[in-house]
Amino acid sequence: MRIDIITIFPEQFESVFKYSILKRAQQKNLVQIVIHNLRDYSTDKHKKVDDYPFGGGAGMVMMIEPIYNCIQHLQSQNRYDEVIFLTPDGELFEQKTANYLSTLNNIILLCGHYKGVDERVREHLITKEISIGDYVLSGGEIAAMVVTDAVVRLIPGVLGDETSALSDSFQDNLLAPPVYTRPAVFNGWEVPAILRSGNAQEIENWRHEQSIKRTKERRPELLKK
Ligand code: ADE
């Protein structure tokens, strides 16, 4: 899979994709993450990418031309399955969206800023709009990182244990059960005996019950899905 990210803050991504699972996924060539500086696609001599809104009002608007140039350039080299704009008024990002995106070959993530982007970008260049939650971030960059992380870990071969992404919280609209490790007793606090029983079937049943209990207590609306 290839993920192209268009941003005015390319440096913001530098450390994020250099650790842990995202780092290994790239080293194993399971994903290629390419960051593009939107300013490189501005034809303006000051590399301007935003301008005042028509009709007046506060805040600047990201111009269509550099975004168009960048997306055109990428599309002349690769075929993209989705061109995604990160925005608080997009479709809410959920595990099912991550599952879907992880099945694609190439995607573009466009990070917005200021008061938004020229609406013609959304009308003509974008195929999907994603919000990571009902709050406003100062830009789409952190949202693009969240989406990239959630998607890349689902690509087959990225996680060592093939089953572990499937047992994540939300995969079956259930939260994950509690987990424990050594020591069996710490400060008088004990690990549930069943997890030390060695009975695989009983452990699986217990985990499933715990998942349901936890989901009922914390996120009952998930059970209705
Ligand atoms: N940009 C600003 N806020 C955002 C959000 N909640 N989700 C995605 N992109 C955003």
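Residues numbered from 1 in each chain as written. Predicted model: local features only at pLDDT ≥ 70, side-chain atom pairs only at ≥ 80, totals over all residues. Heavy atoms only, no water.

Trainee: Can you walk me through the overall build of the protein chain in this structure?
Mentor: Helix and strand content of the protein chain: seven helices and nine strands. Seen along its three principal axes, the alpha-carbon backbone of the protein chain occupies a region of about 70 × 40 × 35 Å. The 225 residues of the protein chain split such that 39% are buried. In the protein chain, once contacts between residues fewer than 6 apart in sequence are set aside, the share between residues at least 24 apart is 75%. As displayed, the protein chain offers around 13200 Å² of accessible surface, 51% of which is attributable to carbon and sulfur atoms. (Helix = DSSP H or I, 4+ residues; strand = E, 2+ residues; numbered from the N terminus. Buried < 20%, exposed > 50% of the residue type's maximum accessible area, 1.4 Å probe, protein only. Contact = heavy atoms within 4.5 Å. Areas by Shrake-Rupley, 256 points an atom, 1.4 Å probe, with all protein chains shown as cover.)

Trainee: Just to check I follow, could you spell out the site of the ligand for this structure?
Mentor: Around the ligand, the surrounding shell consists of Leu 86, Thr 87, Pro 88, Ile 130, Ser 131, Ile 132, Gly 133, Tyr 135, Val 136, Leu 137, Gly 139 and Ala 143. The contact in question runs from a nitrogen atom of the ligand to an N or O atom on the backbone of Leu 137, over 3.0 Å. Protein burial of the ligand: of its 260 Å² of free accessible surface, 96% is covered by the chains. When residues in the shell around the ligand are grouped by element, the largest group, three residues, is from strand β5 (residues 82-92). When grouped by side-chain class, the residues that make up the shell around the ligand number eight nonpolar, four polar and no charged. (Near = heavy atom within 4 Å. Polar contact = N/O pair within 3.5 Å; in protein donor to acceptor, adjacent residues only side chain to side chain. Nonpolar A, V, L, I, M, F, W, Y, C, P; charged D, E, K, R; others polar.)

Trainee: In this structure, what is going on with helix α2 (residues 64-75)? I would like to understand it.
Mentor: For an α-helix, 3.6 residues make a turn, and residues three or four places apart therefore share a direction. The end-to-end C-alpha distance of α2 is 16 Å, a good match for the 16 Å that 12 residues give at a rise of 1.5 Å each. For α2, the set of buried residues is Pro 66, Ile 67, Cys 70, Ile 71 and Leu 74. Down the axis, α2 shows its buried residues gathered within 125° of arc, on one side only. Those residues of α2 hidden inside the fold are in contact with β1 (2-7), β2 (32-37), β4 (61-62), β5, β6 (106-111) and α4 (119-124). (Expected span 1.5 Å × (residues − 1). Arc of directions from axis to C-beta.)

Trainee: What is the right way to look at the sheet that holds strand β7 (residues 128-131) in this model?
Mentor: Neighbouring strands of a sheet are bound in pairs by backbone hydrogen bonds; such pairs are parallel or else antiparallel. Strand order in the open sheet formed by five strands is β2-β1-β6-β5-β7, and the pairing between neighbours is parallel. Looking along the sheet, the strands with just one partner apiece sit at the ends: β2 and β7. The mean angle between the axes of side-by-side strands here comes to 30°, regardless of whether they run parallel or antiparallel. (Pairing = 2+ DSSP bridges. Axes fitted to C-alpha atoms, helices over the stretch in contact; angles between N-to-C directions.)

Trainee: Looking at this model, I keep getting lost on the packing of aromatic side chains. Mind explaining?
Mentor: By convention here, two paired aromatic rings are described through the distance between centres and the angle between planes. Applying the stated criterion to the full structure yields two aromatic pairs. Pairing Phe 13 with Phe 17 gives two aromatic rings, centres 5.9 Å apart and planes at 40°, and the pair type is tilted. Owing to a relative accessible area of 7%, Phe 17 belongs among the buried residues under this scheme. For the pair Phe 186 and Trp 189, a centre-to-centre distance of 6.0 Å together with 55° between the ring planes defines the contact as tilted. The exposed category is assigned to Trp 189, whose relative accessible area is 58%. (Phe/Tyr/Trp six-rings, centres within 6.5 Å; stacked < 30°, edge-to-face > 60°.)

Trainee: Just checking my understanding: could you explain the state of the cysteines for this structure?
Mentor: As used in these notes, a disulfide is a covalent bond between sulfur atoms, one from each of two cysteines. One pass over the full model with this rule turns up zero disulfides. This cysteine, Cys 111, is not joined by any disulfide, and Cys 70 carries the nearest cysteine sulfur, 11 Å off. (Disulfide = S-S within 2.5 Å.)

Trainee: How should the side chain of Asp 4 be read in this particular structure?
Mentor: Looking at where Asp 4 falls in the secondary structure, it is placed in strand β1. A polar side-chain atom of Asp 4 sits 2.7 Å from a polar atom in the side chain of His 36. In terms of polar contacts, Asp 4 uses its side chain to reach the side chain of Tyr 80, at 2.7 Å. Filtering out sequence-adjacent residues up to four positions away, Asp 4 remains in contact with Val 34, His 36, Leu 74, Tyr 80, Ile 107, Ile 108 and Leu 109.

Trainee: Even after reading the chapter, I still don't get the pairing of β5, so can you show me in this structure?
Mentor: The two faces of a sheet get side chains in turn, since along a regular strand they alternate between them. Here β5 runs beside β6; their pairing, made up of five bridges, is parallel. Bridge pairing links Glu 82 to Ile 107 in β6. Running through helix α3 (residues 95-102), the crossover from β5 to the neighbouring parallel element β6 is right-handed. Alignment of β5 against β7, held across five bridges, turns out to be parallel. Within β7, the position partnered with Leu 86 by the bridge is Ile 130. (Right-handed = clockwise from strand over helix to strand, strands pointing away.)

Trainee: In this structure, what is going on with the pattern of salt bridges? I would like to understand it.
Mentor: One side chain can pair with another of opposite charge once the charged atoms of both are near each other. For the structure on display, the rule yields 12 salt bridges. Ionic pairing is found between Arg 122 and Asp 89, a salt bridge with its closest N-O pair at 2.8 Å. Of this pair, Arg 122 sits in helix α4 while Asp 89 sits in strand β5; the two residues are 33 residues apart in sequence, bridging distant segments of the chain. Its salt-bridge partner being Arg 120, residue Asp 118 comes within 2.6 Å of it at the nearest N-O pair. Of the residues examined, Asp 118 reaches a relative accessible area of 18% and is grouped as buried. Look at the salt bridges and you will find they share partners, linking Asp 89, Arg 122 and Glu 129 into a network. (Salt bridge = Lys/Arg side-chain N within 4 Å of Asp/Glu carboxyl O.)

Geometric values such as these leave the question of function open.
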